[in-house]
6 protein chains.
Amino acid sequence: MARDQKFFQPVSSIKQPRFAGVATFMRLPILAEDDWEDVDIGLIGVPWDGGTTMRAGARHGPRQMRDMSTLMRAIHPVTRINPYRSANCADLGDTSVNPIDLHDSMSRIEEFYQRIHDNGITPLTAGGDHLITLPIMRIIAREKAIGMVHIDAHSDTNDRYFGDHTLTHGTPFRRAIEEGLLDPKRTIQIGIRGGLYTKEDNQWAIDQGIRMVTFEEYMDIGVDAVISEIPGIIGDQPTYISFDVDGLDPVYTPGTGTPEIGGLTPYDAQKILRSLRGRNLVGGDVVEVAPPFDASGMTALVGVTMMWEILCLLAEPFCRDPDQN
Amino acid sequence: MARDQKFFQPVSSIKQPRFAGVATFMRLPILAEDDWEDVDIGLIGVPWDGGTTMRAGARHGPRQMRDMSTLMRAIHPVTRINPYRSANCADLGDTSVNPIDLHDSMSRIEEFYQRIHDNGITPLTAGGDHLITLPIMRIIAREKAIGMVHIDAHSDTNDRYFGDHTLTHGTPFRRAIEEGLLDPKRTIQIGIRGGLYTKEDNQWAIDQGIRMVTFEEYMDIGVDAVISEIPGIIGDQPTYISFDVDGLDPVYTPGTGTPEIGGLTPYDAQKILRSLRGRNLVGGDVVEVAPPFDASGMTALVGVTMMWEILCLLAEPFCRDPDQN
Amino acid sequence: MARDQKFFQPVSSIKQPRFAGVATFMRLPILAEDDWEDVDIGLIGVPWDGGTTMRAGARHGPRQMRDMSTLMRAIHPVTRINPYRSANCADLGDTSVNPIDLHDSMSRIEEFYQRIHDNGITPLTAGGDHLITLPIMRIIAREKAIGMVHIDAHSDTNDRYFGDHTLTHGTPFRRAIEEGLLDPKRTIQIGIRGGLYTKEDNQWAIDQGIRMVTFEEYMDIGVDAVISEIPGIIGDQPTYISFDVDGLDPVYTPGTGTPEIGGLTPYDAQKILRSLRGRNLVGGDVVEVAPPFDASGMTALVGVTMMWEILCLLAEPFCRDPDQN
Amino acid sequence: MARDQKFFQPVSSIKQPRFAGVATFMRLPILAEDDWEDVDIGLIGVPWDGGTTMRAGARHGPRQMRDMSTLMRAIHPVTRINPYRSANCADLGDTSVNPIDLHDSMSRIEEFYQRIHDNGITPLTAGGDHLITLPIMRIIAREKAIGMVHIDAHSDTNDRYFGDHTLTHGTPFRRAIEEGLLDPKRTIQIGIRGGLYTKEDNQWAIDQGIRMVTFEEYMDIGVDAVISEIPGIIGDQPTYISFDVDGLDPVYTPGTGTPEIGGLTPYDAQKILRSLRGRNLVGGDVVEVAPPFDASGMTALVGVTMMWEILCLLAEPFCRDPDQN
Amino acid sequence: MARDQKFFQPVSSIKQPRFAGVATFMRLPILAEDDWEDVDIGLIGVPWDGGTTMRAGARHGPRQMRDMSTLMRAIHPVTRINPYRSANCADLGDTSVNPIDLHDSMSRIEEFYQRIHDNGITPLTAGGDHLITLPIMRIIAREKAIGMVHIDAHSDTNDRYFGDHTLTHGTPFRRAIEEGLLDPKRTIQIGIRGGLYTKEDNQWAIDQGIRMVTFEEYMDIGVDAVISEIPGIIGDQPTYISFDVDGLDPVYTPGTGTPEIGGLTPYDAQKILRSLRGRNLVGGDVVEVAPPFDASGMTALVGVTMMWEILCLLAEPFCRDPDQN
Amino acid sequence: MARDQKFFQPVSSIKQPRFAGVATFMRLPILAEDDWEDVDIGLIGVPWDGGTTMRAGARHGPRQMRDMSTLMRAIHPVTRINPYRSANCADLGDTSVNPIDLHDSMSRIEEFYQRIHDNGITPLTAGGDHLITLPIMRIIAREKAIGMVHIDAHSDTNDRYFGDHTLTHGTPFRRAIEEGLLDPKRTIQIGIRGGLYTKEDNQWAIDQGIRMVTFEEYMDIGVDAVISEIPGIIGDQPTYISFDVDGLDPVYTPGTGTPEIGGLTPYDAQKILRSLRGRNLVGGDVVEVAPPFDASGMTALVGVTMMWEILCLLAEPFCRDPDQN
């Protein structure tokens, strides 16, 4: 009881307008590493897009998502969860990155998440391009492969680019499977679409056992059918949520590097996320928000609302006293 | 007969291109107060956003909506109503406003609508933020509380902001109910969504008897089910239409102050409006178009198309000779 | 066999990033007229908007569509067609145009398509405003009227504008029918909506036998019902595809001259196009992309993806060896 | 005396905020032709860009210039002229135009200016592309060739485009000289710059006697030296001011069709205009504001401020009682 | 010595890229009020635009200025001052504000600055509209009227707006003089320009003894002559710097509420500020950055660079050991 | 004589409008490597920004510069040089690049320029970030160090970033000097400005003998004085021109990665370039055009006009028959 009395609380926009104040995730305090001890869920930015093969810009994602996050309120309209009463949540700042060196950046990101992991904090990340999920998984899935609910236009299981290069934002999950971090049989990818480089594209992923729901199948069977499959795939073992904003129709998220027409609506994505309530979730990310391609911030608003939906999911299990929530 | 011979007519874009000419609502003449005598339906701007708690800009709404209104044509594609043959319609200009004084603005708006009311004109308004509906109701609902069909992301029935302030664009309908202007039992709100400040949010409105259709319920039951409820709620008594463009998904209306992801499509909104044909309608408004956040004018185009749909509804009962229409 | 060994191939973005290189349609080679001999399908730009009655800008469409076309990949995700292995495809450049003279431009466009026709090339065109379809039809339908699958917000069968002017982007199909180029009984128009100038609008088209699916009917019966009608209308005779991007909801294609709210989604449009597989298709166009009204290029991305869908349709019949494809 | 008591006055922004009200030039009343009788100076829009060879969009210039004109105030900061106390000024609306027919548009514009001329009104015009100055001159210079102070990046004295076409926005002054409307020896062109099509470009104009101040010479001798030359060139005979916003550096006026880097600053242009006080001025125009290329409206703000400077020049001679002014 | 060892230091962009991390002013730490004790210079945001008569938006100024401030580096290129080695600088966050109540906001701002004043901190403020300077002066000039170097397009010494309203962003310095906070004889205003409401505008200010340098005079005499006047005006008594970004040509600062063409260049403004080295400066502000009118952030970059120039001025006198600097 | 008869010529915009056709540099033909034999001057794109430490986007520079280059005409307005009659000029396309690997990209760029060098072609390059100048110099200065006229806000002679990383867009000229490619004593840097990381910044460059003209000095002595120094610095030995668009005030070139307020005007830059006529020039580049930060293309227009100025300089010495020119 005493503990959640002192949970960090966002500034309420009914007291101070939302455009006021330094922009942190969800208007939560920003904590230096010394103060991480009591944090349950850490909101983290990874401002890096060095794995991007088309339009860069996701390096600016965390800052714009923090800005738009001040539009978020406290209580979930459907589940009535108040994440800030359920768990101690804080903005842990951005990882160190190196915009000119991919491998150095991978190391810096891993080191940051190692310290988060050592503090027992559940990470919720704003990217950055999709390659950043790999170093995160290298920390949180080191002991045991995790499952994944993955919303995206692309499977991100390609093998090589530009000759023999194995690390781009098109390859993280091939590497994660190869490294034993991601269990393909406990992975579902939703929204995959667009032309292919070769007829073999995506086949490797399917052969590993990933359940790949193309956008065409998605439209044929409907979101409810997809949702009903998820529990059977991820089970009750640790599972990660990875949300690439290009999984949505680019009309909702034009500020991204590799838009593909078609795609989910934000509401369908919310339905999928909300269906994960009660699952064994060990973290999540929202990636590929590239502000230079959407100065309006609307892409970031969509992205950070998804982040908030995931936050509600991650926070609920921490709650010991439902009435407190 | 003689009377509608001389109804004001918009300039036809098949005669003069739409980009030509001073921008008035629907390319109708702009009338000074001395010429209001024969007007049936007045199109009015309230360029004011002093009740806005997040992003201001709706003060510029009427001007941009006038600009985009030149894309409207004469005849409704479904009902075949020609509003300009059914009723005498005119642009009555903007109300006086005071951007630095909320209370003075409320008075100025009330005075303007009193004069419109005194001329027996049905008002159709382009906002401005949503607080402007309160002074309008203070005039047109003075004698008797009216019902309302309300499309919005927010219930706008909060009580106080920033301490003890009772008038913001988040509170007009609480005040209207308290003042006996709005009959909550004859009110339906459609599209309500987004996080809540407290677990009590929206409860007051529901307790008063408002039928609140959250976006989640809306998606579950479908637009046709919602439409079928409306007649039973509003009945045949005087009813107002209030259309906040943030009721739509912000992808359609990014130029607004408090966007919430999710929301109606423009076509669903058109269906709802079209279903109101034959109802006892006493006025309407389209509010919260904030051009600085959508320089393209597309938000204003959506808004003014809704205004035109409402115009067709308001005009039809004036028609005495259907063949003339 | 030897022939398709040397089909032109786009640069693969897995080898060279997509932002690199001169922007040609689909990253195909750009061919001068001397090299057209072996081309099966020609991608052509008609950078002209002199028939536009509202917002000009479609003159810049081909260039921005070429730019965004570098996001296209080789293989269709559903049909598995690789158009570049099925047929010899090339960028044939832009027609000559005259931005200050409508009639001179019509002649220049006709001359260009005559040379394409003389080379036995199937044309796939990026407009330009919709009037450009008329000179194209004057060449490819000279001998025999063709059918048409037409996606658009407007029927484009008006008669006159600005007095007695017969050629605008609102009149091409009235002229094409009058000239015997277009068979109205083998024509379907999908997505028609918006206010009317007069109660007689669209009636002429319907009287000629065009199957006009208004957006309202479209929403009532659904895309699958519309698709099921098409074969009975167009039959197995030569048919053209004309895709005006304003057929889609303007949220997807704001960069266009005469936006109308409502409209198809890109995915529904893709479904319609994909349903035309195996039909007797003699060409197609995507028109009314006006970059000045959408600097982001997203309208062009939608447009060029539709162009690529049509390319896959046009290419498949050329394929002699399915395994080669 | 009685007459100027009733001069039209703009709405003061110290009484009603500038964003309020229908946008007319300078917040003056918009007058139908029946009410032109007492007008001294007419502000007119010519929403037409059919003579444009590169980027169209100036058709939207008058409307955006009206919008930004509400930022203008009453009294000139240097000359202390109040144009609205000196002369009776009004917004006369837009001329009729035909966006798809150059020659028809020329006729419509001429007819409109003939009626203005017949009412004895001095015209001050917002374009439209630069070809519109030709039909204006055909009316106001019919009896006698006029002089011109011309600010522009281009001489606009080319002969033919796209083959043998003689009327584009690059040719009006060649035609005006040939038709005896413009006296080249009483013409000064300021700010001419940019690459040439041929080595003969501009030579024809110089050979006719035009004083052409290239931007290079302008920078070498300075604005004051240029100003000192003007009286000797234009003398005291009737003179017109034609201001193409591309005469300024495109950083100030990006919303234009044919930008050339370099160019005047707005302040230098104001100095040149202010130097014309007391000259025999018979009209003026500001052309080539193309809003689609500068949605911010800043180009229009620059353009309309120049229009206001010219208005002050045109109004002063009408003033009979300097104390009234 | 020990003290400045522990001065707060910005994150160096040569160590961590500038796009990384929560955006605070100059990448300095953000301090809660409990930690203000050792601060010498406080950087503060006042996110409020309730005094704005034209285009609102300056409420968003502090956040965007914080974002762009991460482009600032440590050492002044001319004076070689390192402000962070000279004085202890920190981001103190934003004041409380109330966007719907002008008078309540004035009180909240005053209370915040009172606490800053009580801590002996020199304030450097990012607005907000220009009315915010009044409550700041009410605190820092309570005991004794201060002088002012004021860069602006407008004198901001008007008396009333919209009837009898005395507090807007056009009146702060009239009120400050009336309240004895600002010494007009020790005040210089630079860059004043644009049309006037009445012939009496600005005269009151001049009559009080303000040295008003209109932009016209500024261009005539040159920046160096203006600079040479300043010491004689402000003397060695306490002086404030108030920098309205509309003092610059709007091409540099389009993101502002009331742009006037003409105006200073950023470099001239820097020269003026740099000339104030060694003066008795007691605070400063940069106001009227309105991000909705310049999503690019360039206006904010100009604004925050001026803020950094002022910071260097304010910091230097704190330095006890020049070698440490 | 026969040779220059067949020089490649741009399409004239007086024949075909400039918005028509595939966008190549200056509307010249795009040549595959097999056709390079007779080329004198090659226009090349290096679409790469992997050395960027702040805002990426210069990878898109070459494509947008090609687009805007179609505004260029044939003949220089001052020197009367027609570069296309003086030398055989062609667009050689883009180098191969690898957006995720800095070192691989350096190799690919070097290989491309080696082939250009082997063909005896003078390279004129559109970047890309400034690091690309290093691999170019590694080819063209391999035998002997070259001089440089360098316009930039930054000296780009820093040593390390993000720890011990030696290759970024802030270090190329330190590396070039260390590698013996660039002769610092024959190098002038113009426009250097902005805050410093440390008091030692820029000192290394000065110590090597570079003539560094800070923007402050530039404004003090004037552009003519700077121009007069150049011949004495570069002499008659081989010299390269490197033009970073951030050398200009960011108001002209907002689309760049690291803007610094202040800076040259485009006209001053043109004057500097024009002063280099007759010098021994061996190549040039225009770098750091980042389209995502200026969708308008105006930054690219400025950049490509500078490229055209350099082209005229490079072409003139090839001319054997001045009358032909």
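Please refer to the structure placed before this passage.
Quantities reported herein were computed from a predicted structural model and do not represent experimental measurements. (Residues numbered from 1 in each chain as written. Chains lettered and ligands numbered in written order. Predicted model: local features only at pLDDT ≥ 70, side-chain atom pairs only at ≥ 80, totals over all residues.)

Student: Could you give an account of the overall build of chain A, with specific residues and numbers?
Tutor: What chain A contains, in helices and strands, is 11 helices and eight strands. Seen through its principal axes, chain A has C-alpha atoms that stretch 60 × 45 × 40 Å. Within chain A, the fraction of its 325 residues that count as buried is 69%. For chain A, the share of sequence-separated contacts (at least 6 apart) that also reach a separation of at least 24 residues comes to 77%. (Helix = DSSP H or I, 4+ residues; strand = E, 2+ residues; numbered from the N terminus. Buried ≥ 20, exposed ≤ 12 C-beta atoms within 10 Å, placed from the backbone. Contact = placed C-beta atoms within 7 Å.)

Student: Quick one: what's the story with the relation of the copies chain A and chain B, residue by residue and with numbers?
Tutor: Relative to chain B, chain A is turned by 120° and slid 0.0 Å along the rotation axis, the superposed coordinates differing by an RMSD of 0.0 Å. Interpreted geometrically, this transformation is the action of a three-fold axis. Considering only C-alpha atoms, the residue of chain A closest to the rotation axis is Val 251 of chain A, which sits at 4.0 Å. Little of the interface of chain A is mirrored in chain B, where only 4% of its interface residues again form contacts. (Least-squares fit on C-alpha atoms with pLDDT ≥ 70 in both.)

Student: An account of the sheet that holds strand S4 (residues 146-151) of chain F is needed here, citing residue identities and associated values.
Tutor: Residue and element names in this part refer to chain F. Sheet architecture is open: eight strands sit in the order S2-S1-S3-S8-S7-S4-S5-S6, paired in parallel fashion. What marks the edges here is a single partner per strand, and that holds for strand S2 (89-94) and strand S6 (211-214). The mean angle between the axes of side-by-side strands here comes to 15°, regardless of whether they run parallel or antiparallel. Of the pairings in the sheet, the one linking strand S3 (residues 122-126) to strand S8 (residues 281-287) comprises three bridges and is parallel in character. In the sheet register, Thr 125 faces S8, and the bridge partner there is Asp 285. Against the sheet, helix H9 (residues 223-234) makes contact with S4, strand S5 (182-192), S6 and strand S7 (239-244), and its axis sits at roughly 165° relative to S5, the strand it touches most. (Pairing = 2+ DSSP bridges. Axes fitted to C-alpha atoms, helices over the stretch in contact; angles between N-to-C directions.)

Student: Tell me about the relation of the copies chain D and chain F, and please be specific about residues and values.
Tutor: Rotating chain D by 120° about the axis while translating it 0.0 Å along that axis superimposes it on chain F, leaving an RMSD of 0.0 Å. The fraction of interface residues of chain D whose copies in chain F are also interface residues is only 5%, indicating that the copies meet through different surfaces.

Student: Break down helix H9 (residues 223-234) of chain B for me, with residues and values.
Tutor: Given a rise of 1.5 Å per residue, 12 residues ought to cover 16 Å, and the 17 Å separating the end C-alpha atoms of H9 of chain B matches this to within 8%. Of the residues trailing H9 of chain B, Gly 235 of chain B is marked for its positive phi of about 60°. (Expected span 1.5 Å × (residues − 1).)

Student: Before we move on, can you summarise the interface of chain D and chain F with the specific residues and values?
Tutor: Listed as interface residues are 21 residues of chain D and, on the opposing side, 24 residues of chain F. Looking at the side of chain D that touches chain F residue by residue, the classes come out as 12 nonpolar, six polar and three charged. (Nonpolar A, V, L, I, M, F, W, Y, C, P; charged D, E, K, R; others polar.)

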